Amino acid sequence: MRHKPLTTCFACVALFAAALFTTACSPRAGAPDQNPGPASLEDLEGKTVAVIAESTSDVLLSDTDNFTGINLIRCASPTELIDVVENGGAECGISDTVVLMTRRGGHESLRACFNLPGGFDVAVAFNHKDIQLCQEFNDFLVQIKSDGTLDEMFARWCSESLDTVHIPELPDLEGLQGHPIEVATLADNQPFSFYRNKRWTGLEVELITRFSLFCGRPVHFSGYTFGEIIPLIREGKADMAAANLFITPDRADLVLFSHPYYLSKTCCFTSISPNGR
């Protein structure tokens, strides 16, 4: 399926991610910058690097034709990845820039080192048989891009404190009828999807909740690790996956992607203290 060109929303998100990266590269006021970290992919040779298991970063750095001296630590979640780096279990990690910045408020010792080249379109994934559901979601994306809703969501979830930001009250959720849409998401991927106060919340959770109103069907969220998401869609155990999934040719052979709704920038980060805490 061909994807529409990037809209104004994507330009805004890309600029926002670049601004976040610049901020993240600066050590906290008063914090000793003992460890500037690597400055490029080439500098990762010989280092221990934490990545999310089966992510694009995992695939990239596992390419032995280009990288032979990297010791990868594969983590199940962003929290595990950040903890491994912060505690000195890895010399650096690879993270989505927005995910890193929204978590950095509670992790004073972290800093970004460099952006990886390019960026990745992020989309919702469907089984290849679910063409109609995917098309409905694409129609929904057109609407929320054109009326500014998607821009507002990114501005709110990526700039406000995670302690206070929330999904606004949406009308008529209780009145939705029909078989629930089963949604696979990541249980620990702030600000995109996470579990708080016994309920799902986050940018992607809000996105899918708004879609449920658009299509008139209730949704049911279940949390998984990143490596479980695509097999669940392929096996028909979930109807759609909202899990900060990058569109890649290999993944497009396995699942059907919606139009993109976010342009992700990925960065390398490290702990300011060379030995962790």
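**Quick word on the overall build of the chain**
Across its full length, the chain carries nine helices and 14 strands. Burial statistics for the chain: of 277 residues in total, 52% are counted as buried.

**Remarks on the environment of L203**
Turning to its location among the elements, L203 is positioned in helix α7 (residues 203-215). Counting along the chain gives 14 residues from L203 to N189, while the straight-line C-alpha distance between them is 10.0 Å. Setting aside chain neighbours within four positions, we find L203 in contact with M153, F154, W157, P191 and F192.

**Quick look at the sheet that holds strand β4 (residues 110-115)**
One open sheet accounts for five strands, arranged β2-β1-β3-β14-β4; its pairing is mixed. Taken across any chain shown, the strands that pair with only one partner, and hence form the sheet edges, are β2 (71-75) and β4. Between one strand and the next, the sheet's axes are offset by a mean angle of 35 degrees, whatever the strand orientation. Summarising the sheet, strand β1 (residues 48-52) and strand β3 (residues 92-96) pair through two bridges and their orientation is parallel. Counted as the bridge partner of V49 is C92 from β3.

**So, the sheet that holds strand β7 (residues 188-189)**
Pairing is antiparallel across the open sheet formed by three strands, whose spatial order is β7-β8-β9. One side of each edge strand has no neighbouring strand; the edge strands of this open sheet are β7 and β9 (199-201). Inspection of the sheet shows strand β8 (residues 193-196) paired to β9 by three bridges, in the antiparallel sense. Each residue of the ladder has a partner; that of Y195, found in β9, is W200.

**With respect to the side chain of T266**
Along the chain, T266 turns up in strand β14 (residues 266-271). Look at T266 and you get buried, because its relative accessible area is 6%. Residues contacting T266, with those up to four places away along its chain left out, are S57, I94, S95, D96, T97, F114, N115, L116 and F246.

**Things to note about the packing of aromatic side chains**
Aromatic ring pairs: the centre-centre distance and the angle between the two ring planes describe each pair. Counted under the stated rule, the structure contains 11 aromatic pairs. Aromatic pair F137 and F211: ring centres 5.2 Å apart, planes at 75 degrees, arrangement edge-to-face. Taken together, the residues span a long stretch of sequence, with F137 in helix α5 (residues 131-146) and F211 in helix α7 at a distance of 74 residues. Both residues of the pair, F137 and F211, count as buried. Where F154 meets Y262, the ring centres are 5.2 Å apart and the plane angle is 35 degrees; that geometry is what we call tilted. On the criterion of sequence distance, the pair formed by F154 in helix α6 (residues 149-159) and Y262 in strand β13 (residues 262-264) is long-range, its members being 108 residues apart. There is no split in this pair, since F154 and Y262 are both buried. Members of the aromatic cluster, connected to one another through ring pairs, are F126, F137, F140, F211 and F214.

**Re α5**
For the α-helix, the turn length of 3.6 residues means that residues three or four positions removed from each other point alike. In a regular helix each residue adds 1.5 Å, so 16 residues correspond to 22 Å; α5 covers 23 Å between its end C-alpha atoms and thus fits that length. Looking only at α5, the buried set comprises L133, C134, F137, N138, F140, L141, I144 and K145. Burial along α5 is one-sided: seen end-on, the buried residues are contained in an arc of 160 degrees. Along α5, the residues that are exposed and aim more than 90 degrees away from the buried face are I131, Q132 and S146. Remark: G148 follows α5 within two positions and exhibits a positive phi of approximately 85 degrees.

**Things to note about the nonpolar core**
Core analysis: the largest hydrophobic core is formed by 38 residues, its most contacted members being F137, L207 and M240. Contributing elements (two or more residues each) for this core: α4 (97-104), β5 (120-126), α5, α6, β6 (181-186), α7 and β11 (240-246). Of all hydrophobic cores here, the second largest spans 29 residues; its members include V85, F226, I247 and C267.

So, how was this worked out
Residues numbered from 1 in each chain as written. Predicted model: local features only at pLDDT ≥ 70, side-chain atom pairs only at ≥ 80, totals over all residues. Heavy atoms only, no water. Helix = DSSP H or I, 4+ residues; strand = E, 2+ residues; numbered from the N terminus. Buried < 20%, exposed > 50% of the residue type's maximum accessible area, 1.4 Å probe, protein only. Contact = heavy atoms within 4.5 Å. Pairing = 2+ DSSP bridges. Axes fitted to C-alpha atoms, helices over the stretch in contact; angles between N-to-C directions. Phe/Tyr/Trp six-rings, centres within 6.5 Å; stacked < 30°, edge-to-face > 60°. Expected span 1.5 Å × (residues − 1). Arc of directions from axis to C-beta. Core = buried A, V, L, I, M, F, W, Y, C linked by side-chain atoms within 4.5 Å.

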